[in-house]
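Architecture at a glance
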Amino acid sequence: MMKQFLDVTQQLTKLTNNLWETNKKFQKAIIPPKVVHWKTPLLLSIFLALLTVAAITDWPTRTLMFDMSWLFFTLSMGLLTSQQPFTIKKVSLSPWVTSILIGLWLLIRLPSDRKEIAWISGPIIAVIILGVIEIWNNESKRQGLRALVRPQFLMITLIHVLISCWFGFHFLIQGWIEQYPSVLSQDLRKSDYVVTFQPPTINRSRGVVILNAMDRYLQNEARTKPWAQVEQMLIDIDNERFFLKNQALKTIRLVPEDASWEVKTSIVQGESRYQLQMQATWLGLVFRPEIYSLTKSCEVVDIGNKATVTCDSTKPSKPGLKKDGSSGDSQV
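Residues numbered from 1 in each chain as written. Predicted model: local features only at pLDDT ≥ 70, side-chain atom pairs only at ≥ 80, totals over all residues. Heavy atoms only, no water.

Examining unusual backbone geometry
That bond from Gln 84 to Pro 85 is cis: its omega, 0°, falls within 30 degrees of zero. Here Pro 85 shows up in the loop between helix H3 (59–80) and strand E1 (87–88). Unlike most non-glycine residues, Glu 240 shows phi in positive territory, near 60°. For Glu 240, a relative accessible area of 59% translates into the label exposed. (Helix = DSSP H or I, 4+ residues; strand = E, 2+ residues; numbered from the N terminus. Buried < 20%, exposed > 50% of the residue type's maximum accessible area, 1.4 Å probe, protein only.)

A look at the environment of Leu 79
Structurally, Leu 79 can be placed in helix H3. Between the C-alpha atoms of Leu 79 and Leu 93, which are 14 residues apart in sequence, the distance is 9.9 Å. Among all residues touching Leu 79, those that are not within four sequence positions of it are His 37, Trp 38 and Pro 41. (Contact = heavy atoms within 4.5 Å.)

Considering the nonpolar core
Ranked by internal contacts, the top residues of the largest apolar core, which has 31 residues, are Met 214, Leu 218, Leu 234 and Val 300. Those elements that provide at least two residues to this core are helix H8 (206–224), helix H9 (227–238), helix H10 (244–249), strand E3 (261–269), strand E4 (273–282), strand E5 (293–303) and strand E6 (306–311). By size, the runner-up hydrophobic cluster in this structure holds 5 residues, among which are Leu 42, Met 77, Leu 80 and Leu 101. (Core = buried A, V, L, I, M, F, W, Y, C linked by side-chain atoms within 4.5 Å.)

Overview of the side chain of Ser 297
Tracing the backbone shows Ser 297 in strand E5. Ser 297 sits in the buried class, given a relative accessible area of 16%. At 2.7 Å, the side chain of Ser 297 forms a polar contact with the side chain of Gln 277. Residue contacts for Ser 297: discarding those within four places in its chain leaves Gln 275, Leu 276, Gln 277, Thr 310, Cys 311 and Asp 312. (Polar contact = N/O pair within 3.5 Å; in protein donor to acceptor, adjacent residues only side chain to side chain.)

Description of the pattern of salt bridges
Tallying each qualifying case throughout the model produces 7 salt bridges. The closest approach of N and O atoms between Asp 67 and Arg 109, which form a salt bridge, is 3.0 Å. Taken together, the residues span a long stretch of sequence, with Asp 67 in helix H3 and Arg 109 in helix H4 (residues 94–109) at a distance of 42 residues. In this structure, Glu 299 and Arg 273 form a salt bridge, with 2.8 Å as the shortest nitrogen-oxygen distance. Residue Glu 299 is found in strand E5, and its partner Arg 273 is found in strand E4; the two are separated by 26 residues along the sequence. Using a relative accessible area of 35% as the deciding quantity, one classes Arg 273 as partly exposed. (Salt bridge = Lys/Arg side-chain N within 4 Å of Asp/Glu carboxyl O.)

Here we look at the packing of H8 against H9
H9 packs onto H8 with a crossing angle of 145° between their chain directions and a minimal axis gap of 8 Å. By crossing handedness, the relation of H8 to H9 is classed as right-handed. On the side of H8, the interface is formed by Tyr 217, Leu 218, Glu 221 and Ala 222, while H9 contributes Val 230, Met 233 and Leu 234. (Axes fitted to C-alpha atoms, helices over the stretch in contact; angles between N-to-C directions. Left-handed = near helix turned anticlockwise from the far one by under 90°.)

Examining the pairing of E3
In terms of strand pairing, E3 meets E4 through 9 bridges, oriented antiparallel. Across the sheet, residue Glu 262 finds its bridge partner in E4, namely Thr 281. Linking E3 back to E4 in an antiparallel pair, the connection comprises 3 residues, with Ser 272 at a positive phi of about 60°. (Pairing = 2+ DSSP bridges.)

Written out as structure tokens, the structure is:
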């Protein structure tokens, strides 16, 4: 019995010593050796993050604690990457790591229509931090300021400004494409500014989108209403008492380009059937002098007091006409 007691005591003592050694290693790894150290803001960041998750229920206060936690984390990573082994030929990675973390914070905080600011400002933030480090590392602030006008630093600054400008130009082009999506129907493979891996296709034209929306609206009306109501709608379309384009645009996201499309409809009545011709004509600027026009034909037939709609695919109008009225090739 005594031997078993001694064995248990030895095991407990050994376990206690192991825990103590582990605790000492943990403290050595976590506690900063001095006040000005990268671990100090990291501890503050962890503490604020725990408060945000576990202790604070008020949303504005929680948001503030999260922002402060991210700020201290960014400062910690900036200090950590300013020393070995995160330096390459005496140039630390701190400015770029810090700018990336600030950019991530901006992506979270900025509204969805302003997130491009994070990308555009990232390179500028990096070069500003690099300039602050240059001044801080020099004993004489005058020499630090002179270092900012050296050719090497000026070259780095210009490169970062160029990257920022390219980001800005990218988002500018994307904004144009969102407002005028028919640009993607052109052949952009030889463009110096827009990168596309797909050949030009008529399906990207906004005119095609509008005509397809009119097609879907007509199909839906035919499925849900009897023939008499569908026939009356077609008569109203022919007499311009009902505008199919206006109803179709309510079903899709509107863009500024829609105002530059003129949509006309014509109907030919037969025996228990109607032939609907839809034509979308571009009234805005064009790359060539020909009129840019698209057509879509639909046949509406009465079968058992129910309307059946059959539509062809959208096609460019042929032959095209130049804006002066003379004939010309159609533009796709």
